[in-house]
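# Secondary and tertiary structure notes
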Amino acid sequence: MMTRDVLLDLELDEEDDEDGDIVLDNFGQMVGSSFGTQESQLDFRSPEFEEFNGKPNSLYFNDGQRRIDFVLVYEDESRKENNKKGSNEKQRRKRRAYESNLIHDGLHLEATRSVLDDRLVFVKIHAPWEVLCTYAELMHIKLPLKPNDLKTRSSAFDNFNWLGKVLQVDESIIKPEQEFFTAPFERSRMDDFYIRDKETFFTPATRSRIVYFILSRIKYQVSDNVKKFGINKLVSSGIYKAAFPLHDCNFSCPSEDFTCPNERYLLYREWAHPRSIYKKQPLDLIRKYYGEKIGIYFAWLGYYTQMLFLAAIVGVACFLYGYLNRNNCTWSKEVCDPNIGGNIIMCPQCDKLCPFWKLNITCESSQKLCIFDSFGTLVFAVFMGVWVTLFLEFWKRRQAELEYEWDTVELQQEEQPRPEYEARCTHVVINEITQEEERVPFTTWGKCIRAVVCASAVLFWILLIIASVIGIIVYRLSVFIVFSAKLPKNLNGTDPIQKYLTPQTATSITASLISFVIIMILNMIYEKVAIMITNFELPRTQTDYENSLTMKMFLFQFVNYYSSCFYIAFFKGKFVGYPGDPVYWLGKYRNEECDPGGCLLELTTQLAIIMGGKAIWNNIQEVLLPWVKNLIGRCRTVSGSEKVTPRWEQDYHLQLMGRLGLFYEYLEMIIQFGFVTLFVASFPLAPLLALVNNILEIRVDAWKMTTQYRRMVPEKAQDIGAWQPIMQGIAILAVVTNAMIIAFTSDMIPRLVYYWSFSVPPYGDHTQFTMVGYINNTLSIFNIADFKNRSKGNPYIGLGNYTTCRYRDFRYPPGHPQEYKHNIYYWHVIAAKLAFIIVMEHVIYSVKFFLSYAIPDVSKSTKSKIKREKYLTQKLLHENHLKDMTKNMGVIAETIMGAADNHLRPKLE
């Protein structure tokens, strides 16, 4: 293909289009390029069209020499069915200007029409050696200096060869990457770098990253003296339909080209395929193919999953302890005993419509509660407080090792501003450090205004979530009355429906399902709102952008996902008053109460529904939807045709991952991490569910990235970003929430107080410590005659000679001088709960801070390797520099001596 000329000076004629913008129109005179050679002089137009050469997996231009580093796709306006001349012409001018400026920057372009749809045009982009070198220096990309002779990787399975062979990836299939000493590339020191072959010195991932850097900064339009540029805006406005780097081959079979590394095929075979589910991830190959940003995500997810094994084992052990000892639960036996629970008449839980009911109808739920509300729950809550600290500290060490192995130790110093930020830099200020002028997008006052607007928008949406939670609470209060009126009212609890579907259970399940639906709807809406707010905020770098979006999204998701759980755990049943003086919401709805065993079982139900529903929903979104979309797309495009399609066209019909695709993967896992840690005291099986989900999640994510999505632009990343401090915050909060769940949500503290203080004299009648009589002593008595008119209804049917009912509280009985006031048992329980929270928090926090101090973030060996490599790299560069200087000095000395000899020789003769 002929190399097109490029434009050094664009003479812009201002032409107002329909939107009032100024579009590049007349392009001036074509002159030679600073990159490559000029062969002829052409007018500005799209790249010359070349016919497809018939090689479906070719990664090169038609000449077979220049590698395709990026592909742009657009629809030819002249062949559109609904051809709107004005709009199409404007798009065509912008695209022509953009492509001309790409060539001005030295890129090579080649266009090919689609094999299946001749309206589609694929513009293939190649970056020549000079362009790669120029931008590698500008982007401070680290490149190899010499092979690294230090041992940098050690396997945890070195002492277990048999286990390593089973779990490790076969090195004969995926060969280990050669280690190099690296340094930021400089063209002036090109001879110092390990350049064996110019074609392979820059990896395909690095080439794509450089080209994307160029594409993101090339201008295509001028409007009100503001330059508009970047491929992202062109794609979002429809001028281009897609922009992506190519996969290197088909995932299901290797390429016939012997020069192709077949990395996609290897990743599918050894990573994404279901038969590899038990193997460790090939992190180095993932990093090489997709970049450090995706590599660090899968490294973190894999490490998190490994740590969940221990948590899941302990959680299952605690669950089995509760399950095996459920028949020894004395208080549950009393609830189910017809002579105890069957003779206890409970007060109505709502006004007028709710009936009196016998305690033994909650027999089933009390037996289930014994499984979760046991001594094992306390042990597991303490264990998880330590486990989360160990996970975070050991992950920091692992992350430091990856920073060294992947050359991202000093990445933050190299990051360039986002093109969207650069485009808005119109204000000139004096830099406080350099005392030189620099451009910024807005003044300090403008920055404050934007911060206030963004904070107000986030606060509004958080208040909207709180309003939805209040709506769910109102639903629970009103629907509880309906279920109480509609469900059977047999006092004996012998009706099979009433036995398993109590008003509390029906209300809890329906409210949890509705809460889950509302959570998912608000989630989808706020995702778009959060992106809009962050775009308005205009962070400087991509890392700043993602960290800002991360904090906004997580703050919203925290309230969205966890608010209902916080309500059940810490508010429901805590402020209900007593039957003679109940507390009302909004002066109308009577506050709902917990079952006699507490709200712990309802919290467990809520967690199971949200975690299970979220996992099912995410799998539908991540697996089914991309597969169905790709299937429909292939059916539409192929339509029975048996034509061979090139690699770029095959990739075009895959789904777009999006730049924030990885962000949502992190968000999904961090929300799960919150469920596993914040409320684990109520659901010890949560780590097991998370473990199973994560084992599948790793392979599902791998499968969709290698088979269903276009290849993402490789990006650098030093760590997991803002997710690290978020996890640390969750870990600190988890200690408080689990201590409060045990103290206020479960019945463990009241049972312990009864066992040690109120079962024996002076408060009890038993001669030894026992749980016998716990139910009778912890349910207060209320005189039916003391009901207020507002609470009276027609629930007296079948009551017989009973004149009193029982309710869940610690109050004096009627007739007592302080009737219906809190009794001594209540104050003992409150004191014990507060003491338990203080002791548990201080013990766990002391252990956490000791572990944080004792475990360094960077291991000693990693620190030594970093210092050693830095020393050797500086020594190598310094020695090469001295060699060059010595060589130059020798040449200069020889030149001087030769000149002197020539000058003196005639005189001597």
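Residues numbered from 1 in each chain as written. Predicted model: local features only at pLDDT ≥ 70, side-chain atom pairs only at ≥ 80, totals over all residues. Heavy atoms only, no water.

## Looking at the nonpolar core
Short version of the rule: For this analysis, a nonpolar core means a set of buried residues of the types Ala, Val, Leu, Ile, Met, Phe, Trp, Tyr and Cys, connected via side-chain atoms within 4.5 Å. Residue exposure (1.4 Å probe, protein chains only): buried if accessible area is under 20% of the type maximum, exposed if over 50%, otherwise partly exposed. Secondary structure elements are defined from DSSP: runs of H or I of at least 4 residues count as helices, runs of E of at least 2 residues count as strands, and each element is numbered from the N terminus. Segmentation of the chain into domains, including their bounds, is taken from an automatic or database domain assignment.
Counting 150 residues, the largest nonpolar core has Trp-300, Phe-391 and Phe-675 as the members making the most contacts within it. Here this core takes 16 residues from helix 9 (residues 292-324), the largest share from any one element. Two domains each put at least three residues into this core: domain 1 (48-276) and domain 2 (287-414 + 600-639 + 660-858). Counting residues in each nonpolar core, the second largest holds 45 residues, with Ile-125, Tyr-135, Tyr-240 and Val-713 among its members.

## With respect to the UniProt feature "transmembrane region" (unreviewed entry) in the chain
Heads up, the rule is: UniProt positions are given in the numbering used here, feature names are shortened, and annotations may be inferred rather than shown by experiment.
In the UniProt entry, the feature "transmembrane region" (unreviewed entry) is given for residues 297-324, 375-395, 458-485, 505-526, 553-571, 669-696, 720-744 and 824-845. End C-alpha to end C-alpha, residues 375-395 measures 30 Å, and it is 100% helix and 0% strand. Secondary structure within residues 720-744 divides into 88% helix and 0% strand; the distance between the first and last C-alpha atoms comes to 35 Å.

## What to know about the packing of helix 7 (residues 263-272) against helix 8 (residues 283-290)
Two packed helices can be described by the angle between their axes and the distance between those axes. The following threshold applies: Only the stretch in contact is used when a helix axis is fitted, and all axes are lines through C-alpha atoms; the angle between N-to-C directions ranges over 0 to 180 degrees. Crossings are sorted by hand: turned counterclockwise from the far helix by less than a right angle, the near helix makes the crossing left-handed, and turned clockwise it makes it right-handed. Throughout, a contact is declared for two residues whenever any of their heavy atoms are within 4.5 Å. Classification convention: Asp, Glu, Lys, Arg as charged; Ala, Val, Leu, Ile, Met, Phe, Trp, Tyr, Cys, Pro as nonpolar; all other residues, Gly among them, as polar.
For the pair helix 7 and helix 8, the least separation of the axes is 11 Å and the interaxial angle reads 145 degrees. Between helix 7 and helix 8 the crossing geometry is left-handed. For the pair formed by helix 7 and helix 8, the contact residues are Glu-263, Arg-264, Leu-266, Leu-267 and Trp-271 on the first element and Leu-285, Ile-286, Lys-288, Tyr-289 and Tyr-290 on the second. By residue class, the composition of the contact of helix 7 with helix 8 is 7 nonpolar, no polar and 3 charged.

## Thoughts on the packing of helix 8 against helix 9
Spelled out, the test is: Orientation labels follow simple angle bins: below 35 degrees gives roughly parallel, above 145 gives roughly antiparallel, 65 to 115 gives roughly perpendicular, and whatever is left gives oblique.
The contact between helix 8 and helix 9 brings their axes to 7 Å, and the two run at 150 degrees. Considering the angle they form, helix 8 stands roughly antiparallel to helix 9. Once helix 8 is placed against helix 9, the crossing between them reads as right-handed. Facing Leu-283, Ile-286, Arg-287 and Tyr-290 of helix 8, the residues of helix 9 in contact are Glu-292, Ile-294, Gly-295, Phe-298 and Ala-299. When its residues are assigned to classes, the contact of helix 8 with helix 9 shows 6 nonpolar, 1 polar and 2 charged.

## Quick word on the pairing of strand 3 (residues 120-126)
The two faces of a sheet get side chains in turn, since along a regular strand they alternate between them. Rules: Between any two strands, pairing holds if DSSP finds at least two bridges.
Taken across its 7 residues, strand 3 has 7 buried, putting it largely inside the fold. Burial along strand 3 is two-sided: Leu-120, Phe-122, Lys-124 and His-126 facing one way and Val-121, Val-123 and Ile-125 facing the other are all buried. As judged from the 6 bridges shared by strand 1 (residues 70-75) and strand 3, these two strands associate in the antiparallel manner. Across the sheet, the residue bridging to Phe-70 is Ile-125, located in strand 3. Where strand 2 (residues 108-113) and strand 3 come together, 6 bridges link them in antiparallel fashion. The residue of strand 3 that forms the bridge with His-108 is His-126. Two successive antiparallel strands, strand 2 and strand 3, enclose a turn made up of 6 residues.

## Examining a nonpolar patch on the surface
Counted only if it meets this: A residue counts toward a patch only above 30% relative accessible area and without a salt bridge, and it is joined to like-charged neighbours within 9 Å or, for Val, Leu, Ile, Met, Phe, Trp and Tyr, to nonpolar neighbours within 5 Å. The accessible surface values rely on the Shrake-Rupley method and a 1.4 Å probe; as for residues, cover is taken only from the protein chains in view. Salt bridges, as used here, are contacts in which a Lys or Arg side-chain nitrogen is within 4 Å of a carboxyl oxygen on Asp or Glu.
A cluster of nonpolar side chains, namely Ile-616, Ile-620, Leu-624, Leu-625, Trp-627, Val-628, Leu-631 and Ile-632, defines an oily patch on the protein surface of about 660 Å² accessible area. Look at Ile-632 and you get partly exposed, because its relative accessible area is 41%.

## Observations regarding the pattern of salt bridges
Proximity of charged atoms lets side chains of opposite charge pair with each other. Under the criterion given, the structure shown has 25 salt bridges. Between Glu-263 and Lys-288 there is a salt bridge, with the nearest N and O atoms lying 3.0 Å from each other. Pair noted here: Glu-263 is in helix 7 and Lys-288 is in helix 8, with a separation of 25 residues, a long-range link. For Lys-288, a relative accessible area of 28% corresponds to the partly exposed category. In this structure, the salt-bridge partner of Asp-747 is Arg-808, at a minimum N-O distance of 3.2 Å. Taken as a pair, Asp-747 in the loop between helix 22 (723-745) and helix 23 (748-758) and Arg-808 in strand 18 (residues 804-808) lie far apart in primary sequence, 61 residues in all. Residue Asp-747 is classed as buried on the basis of its relative accessible area of 7%. Put simply, Glu-75, Asp-117 and Arg-119 are held in one network by salt bridges that share partners.

## With respect to the side chain of Ser-563
One can find Ser-563 in helix 17 (residues 542-570). The buried category is assigned to Ser-563, whose relative accessible area is 16%.

## Here's the deal with the state of the cysteines
Stated precisely, the cut-off is as follows: Criterion for a disulfide: a pair of cysteine sulfur atoms within 2.5 Å.
Scanning all chains against the criterion turns up 3 disulfides. One disulfide bridge connects Cys-336 with Cys-363, the sulfur atoms lying 1.9 Å from each other. A torsion of 100 degrees about the S-S bond marks the disulfide between Cys-336 and Cys-363 as right-handed. Remark: Cys-363 occurs in helix 11 (residues 363-372) and Cys-336 occurs in helix 10 (residues 330-336); sequence separation between them is 27 residues. Given the relative accessible area of 21%, Cys-336 is considered partly exposed. Note on cysteine connectivity: Cys-347 is disulfide-linked to Cys-805, with sulfurs 1.8 Å apart.

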